[in-house]
Amino acid sequence: MTTTLRPEGPETPTAAGGRTRRWRILSNGRPVGFLRTTATPYGGRLWGEISELEVTEGRGRGRGTFGALAAEEVLRHWDCVRVDVKVPESAPIARGLAATLGYTERMRTLNKRLGAAPALPAGVRTRPIDGEDLRAWLDRGAERFARALVASGLTEEQARAKTDNGGRHRLPHGTDTPGVVLSSLYGPDGEPELYGSLWLALHLRDLPDGEPFAWVMVVEVNPAHRGRGHGRTLMLLAERECLAAGVHSLGLNVFADNEAAIRLYDSLGYRVVDRLYGKAL
């Protein structure tokens, strides 16, 4: 029995300036699955992704392994330096395959269905991030994100390319960007020290049924005030802002090695939707 990979159609460019192509997995010339390879430029290098992979016939016969390895070869031929694959939490066999092929879990996508607006703890104050402070705050966030990317397995060069300049393109009008909440958390009146900050994107994208969706871009607690429940307060603030805007679904990404944050999100009712795995090519 011979398993092969054949293009399903022509290669096409992506909006980000990369390339993508869909392939059929064939067994003795008969279609038994499909996959898609995508390459995206970051910092002058290409970053690969297996953005689709499904075996439709004859599972358990190594066809998924063949597809993943064949996709890696395509991405190497495209001069990609790394490959990522996002695996649904509902696919434990695929997660096991990723681990077997040397992929490391880097990140998790979480989601929560929101109900009633939670109350914030007594004695805390919130106020918008001042426009004059936004640039410095974004710079600190970009540096922190780059360090976390390196810890997750990326090289320094790859991490810098992925930091996206602190996400400034997502804030074209700074603090006045529509659909964005930029808020800081403080203690009681008379206590000026900053506890933490929140960047929340409202209506970032829609769910398949058209329902609005929100995303926690950044949640940061001042190092001097960590371990005091302020991360929880900032997440409750995010939920309140979502519900005030009519949004009932809130998501975020968390690095797989951030155990404290994972415990916090789990206690708040967030559930894993996808896991991101990656490795160097």
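Residues numbered from 1 in each chain as written. Predicted model: local features only at pLDDT ≥ 70, side-chain atom pairs only at ≥ 80, totals over all residues. Heavy atoms only, no water.

Trainee: Would you mind showing me how to read the packing of aromatic side chains here?
Mentor: Between two aromatic rings, the relevant description is the distance of the centres plus the angle of the planes. Taken as a whole and assessed by the stated rule, the structure comprises 4 aromatic pairs. With 6.0 Å between their ring centres and 40 degrees between their planes, Phe213 and Trp215 make a pair best called tilted. By relative accessible area, which is 4% here, Phe213 ends up buried. Each ring, one from Tyr265 and one from Tyr270, has its centre 6.0 Å from the other, and the planes form 65 degrees; the classification is edge-to-face. Given the relative accessible area of 2%, Tyr270 is considered buried. Positioned above the aromatic ring of Trp23 is the side chain of Arg21, whose terminal nitrogen or guanidinium carbon lies 5.3 Å from the ring centre. (Phe/Tyr/Trp six-rings, centres within 6.5 Å; stacked < 30°, edge-to-face > 60°. Buried < 20%, exposed > 50% of the residue type's maximum accessible area, 1.4 Å probe, protein only. Lys NZ or Arg CZ within 6 Å of the ring centre and 35° of its normal.)

Trainee: So what exactly am I meant to see when it comes to the pairing of strand E3 (residues 19-27) here?
Mentor: Within a regular beta strand, the side chains point alternately toward one face of the sheet and then the other, so they alternate between its two faces. In this sheet, E3 lies alongside strand E1 (residues 3-7) in antiparallel orientation, the contact comprising 5 bridges. Directly across from Pro7, in E3, lies its bridge partner Trp23. Two strands pair when backbone bridges link them, and strand E2 (residues 12-13) and E3 are joined in this way by 2 bridges, in the antiparallel orientation. Considered in E3, the bridge of Thr12 is made with Thr20. Once E2 ends, the chain turns through 5 residues before running back antiparallel as E3, passing Gly17 with a positive phi of about 90 degrees. Note: E3 against strand E4 (residues 30-42), 9 bridges, orientation antiparallel. Residue pairing for E4: Trp23 is matched across the bridge by Leu35. Between the antiparallel neighbours E3 and E4 lie 2 residues, among them Asn28 with a positive phi of about 55 degrees. (Pairing = 2+ DSSP bridges. Helix = DSSP H or I, 4+ residues; strand = E, 2+ residues; numbered from the N terminus.)

Trainee: Can you help me understand helix H1 (residues 63-77) in this one?
Mentor: In this model, H1 (15 residues) spans 21 Å end to end at C-alpha, consistent with the 21 Å of a helix rising 1.5 Å per residue. When H1 is considered as a whole, its buried residues turn out to be Arg63, Gly64, Gly67, Ala68, Ala70, Ala71, Glu72, Val74 and Leu75. (Expected span 1.5 Å × (residues − 1).)

Trainee: Quick question: what am I supposed to make of the side chain of Asp274 here?
Mentor: Mapped onto the secondary structure, Asp274 falls in strand E13 (residues 271-280). There is no salt bridge for the buried Asp274, and the closest opposite charge comes from Lys86, which lies 4.7 Å off by N-O distance. Beyond its immediate sequence surroundings of up to four residues, Asp274 is in contact with Lys86, Val87, Pro88, Glu89, Met107, Arg108 and Thr109. (Lys, Arg positive; Asp, Glu negative; His and termini not counted. Salt bridge = Lys/Arg side-chain N within 4 Å of Asp/Glu carboxyl O. Contact = heavy atoms within 4.5 Å.)

Trainee: Explain the environment of Leu234 to me, please; I cannot follow it from the model alone.
Mentor: Locating Leu234 in the fold gives a position in helix H5 (residues 230-244). Given the relative accessible area of 0%, Leu234 is considered buried. Taking the C-alpha atoms as reference, Leu234 lies 6.5 Å from Leu198; in sequence the two are 36 residues apart.

Trainee: Would you mind showing me how to read the nonpolar core here?
Mentor: A general trend in soluble globular proteins is that nonpolar side chains are found buried together. Residues Leu200, Val216, Cys242, Leu250, Leu252, Tyr265 and Tyr270 are the most contacted members of the largest nonpolar core, which totals 28 residues. Those elements giving two or more residues to this core turn out to be strand E9 (180-186), strand E10 (194-206), strand E11 (212-221), H5, strand E12 (249-255) and helix H6 (259-267). Tallying contributions element by element places H5 first for this core, with 7 residues. Residues Ala71, Val85, Ala98 and Tyr103 belong to the second largest nonpolar core, which totals 19 residues. (Core = buried A, V, L, I, M, F, W, Y, C linked by side-chain atoms within 4.5 Å.)

Trainee: Can you walk me through the environment of Cys80 in this structure?
Mentor: Tracing the sequence through the fold places Cys80 in strand E6 (residues 80-88). The class of Cys80 is buried, set by a relative accessible area of 7%. Separated by 183 residues in the primary sequence, Cys80 and Arg263 place their C-alpha atoms 34 Å from one another. Every residue in contact with Cys80, bar those within four places of it in the chain, is listed here: Ala39, Leu46, Trp47, Gly48, Leu75 and Leu281.

Trainee: Help me out: how do you make sense of the side chain of Thr40 in this one?
Mentor: Relative to the elements of secondary structure, Thr40 occurs in strand E4. For Thr40, a relative accessible area of 18% gives the class buried. Once residues lying within four places of it in the same chain are set aside, the contact partners of Thr40 are Ala16, Gly18, Arg45, Leu46 and Trp47.

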